[in-house]
Amino acid sequence: MSTFADEVAAIRKVNVENFVAAYAFASIPSRIAVEHRDWAQAAALELSPPDLAWNKFPQAEAILVFARGLGAARTGEMNAARRDLQRLQVLKDAMTAAKIGYWAGQADFQIKTVNAWIAFSEKRNDEALQSMRAAAEAEEASDKHPVTPGNIVPSRELLAEMLMAAGQPAQALAEYERSLKRDANRFRSVYGAARAAEAVGNSGAASEYYAKLQSLTAKHDTERPELARAREFLAKR
């Protein structure tokens, strides 16, 4: 059975090339890879359909390049991550020249985020967290574009994830909760908050977040390890 992502990838031509189409082609595979924390899949992303006039839509290409650079940094492919970082800067410059300042601003915090995860992968944790915080603040100071359902992944969610990886679960929990105030009911943030609460010994909060995760996915048709973890934890309560 083909997935939605497969169906999108099978499209080779569109009747009208516009930003809406370019955004969909770039964002759908990027969002799926990042949401599932499949960093290898994210690192392997390619623009499709290849014959689309991507040069007309640098803001759409930047979405995929961001996800790919993030995936490369998370899988330790530093050369690939830096190439994508350079490409993001080129795309940002193109947006600035085209006077689409909103998207140039979005590219700015995408660049900060990829830089942050490169630094984190290279054990430069203080620099990484500083850059990730700057990305989160920049994103939250911007508005959502009407064409989009939201960014591929909230920067503050990634900050919380980095804090967890850095062994700072209390700070991570605070950032997950801040992220959820702006981007409510996100699977990754709710699960992350549950794990962070569990790590600091706040079983009550962990139970609430795990129960929330189950409620959000009550009609799910696939099994994910996060849900198995939620059931395991709640069964012990």
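Note: the structure precedes this text.
The paragraphs below set out a description of the structure included in this document. (Residues numbered from 1 in each chain as written. Predicted model: local features only at pLDDT ≥ 70, side-chain atom pairs only at ≥ 80, totals over all residues. Heavy atoms only, no water.)

What follows concerns the overall build of the chain. Helices and strands together make up the secondary structure of the chain, namely 12 helices and zero strands. N-terminal to C-terminal, the α/β element order of the chain is α-α-α-α-α-α-α-α-α-α-α-α. For 237 residues, the compact-globule formula gives about 18 Å, and the C-alpha radius of gyration of the chain, at 18 Å, lands near that figure. In terms of overall dimensions, the chain has C-alpha extents of about 55 × 45 × 30 Å along its principal axes. Burial statistics for the chain: of 237 residues in total, 48% are counted as buried. In the chain, 62% of the contacts between residues at least 6 apart in sequence involve partners at least 24 apart. Carbon and sulfur atoms provide 51% of the accessible area of the chain, an area that totals close to 11800 Å². Placing the 31 positive and 30 negative side-chain charges of the chain at their respective mean positions leaves the two points 1 Å apart. (Helix = DSSP H or I, 4+ residues; strand = E, 2+ residues; numbered from the N terminus. Rg over C-alpha atoms; globule rule 2.2 N^0.38 Å. Buried < 20%, exposed > 50% of the residue type's maximum accessible area, 1.4 Å probe, protein only. Contact = heavy atoms within 4.5 Å. Areas by Shrake-Rupley, 256 points an atom, 1.4 Å probe, with all protein chains shown as cover. Lys, Arg positive; Asp, Glu negative; His and termini not counted. Charge placed at Lys NZ, Arg CZ, Asp CG, Glu CD.)

Scanning the entire structure with this criterion turns up six aromatic pairs. With a centroid separation of 5.1 Å and 85 degrees between ring planes, the pair formed by Tyr-102 and Trp-103 is classed as edge-to-face. With a relative accessible area of 9%, Trp-103 lands in the buried category. Ring geometry for Tyr-210 versus Phe-233: centroids 5.0 Å apart, planes at 40 degrees, classification tilted. Placement of Tyr-210 in helix H11 (residues 203-216) and of Phe-233 in helix H12 (residues 225-235) is noted, with a sequence separation of 23 residues between them. Taken as a pair, Tyr-210 and Phe-233 share a single burial class, namely buried. Over the ring of Trp-117 we find Arg-74; its NZ or CZ atom is 3.8 Å from the centre of that ring. (Phe/Tyr/Trp six-rings, centres within 6.5 Å; stacked < 30°, edge-to-face > 60°. Lys NZ or Arg CZ within 6 Å of the ring centre and 35° of its normal.)

What follows is about the nonpolar core. Grouped together as the largest cluster of nonpolar side chains are 73 residues, with contacts concentrated most on Trp-117, Met-132 and Met-162. Counting residues per element, this core draws most heavily on helix H6 (residues 101-121), which supplies 11 residues. Sequence-distant contacts of Met-162, defined by excluding residues within four places in its chain, comprise Ala-116, Trp-117, Phe-120, Ala-128, Leu-129 and Met-132. (Core = buried A, V, L, I, M, F, W, Y, C linked by side-chain atoms within 4.5 Å.)

So, on to the pattern of salt bridges. This model, assessed by the stated rule, comprises 27 salt bridges. Residue Arg-74 is joined to Glu-161 by a salt bridge in which the shortest nitrogen-to-oxygen separation is 2.6 Å. Here Glu-161 lies in helix H8 (residues 155-165) and Arg-74 lies in helix H4 (residues 58-74), a separation of 87 residues in the sequence. For Glu-161, a relative accessible area of 8% corresponds to the buried category. Between Arg-188 and Glu-157 there is a salt bridge, and its shortest N-O distance comes to 2.3 Å. One end of the pair, Arg-188, is in helix H10 (residues 187-199); the other, Glu-157, is in helix H8, and 31 residues separate them in sequence. Accessibility expressed as a relative area gives 6% for Arg-188, which makes it buried. Shared partners join several salt bridges into a network, and the residues in it are Glu-35, Arg-37, Arg-74, Glu-157, Glu-161, Arg-186 and Arg-188. (Salt bridge = Lys/Arg side-chain N within 4 Å of Asp/Glu carboxyl O.)

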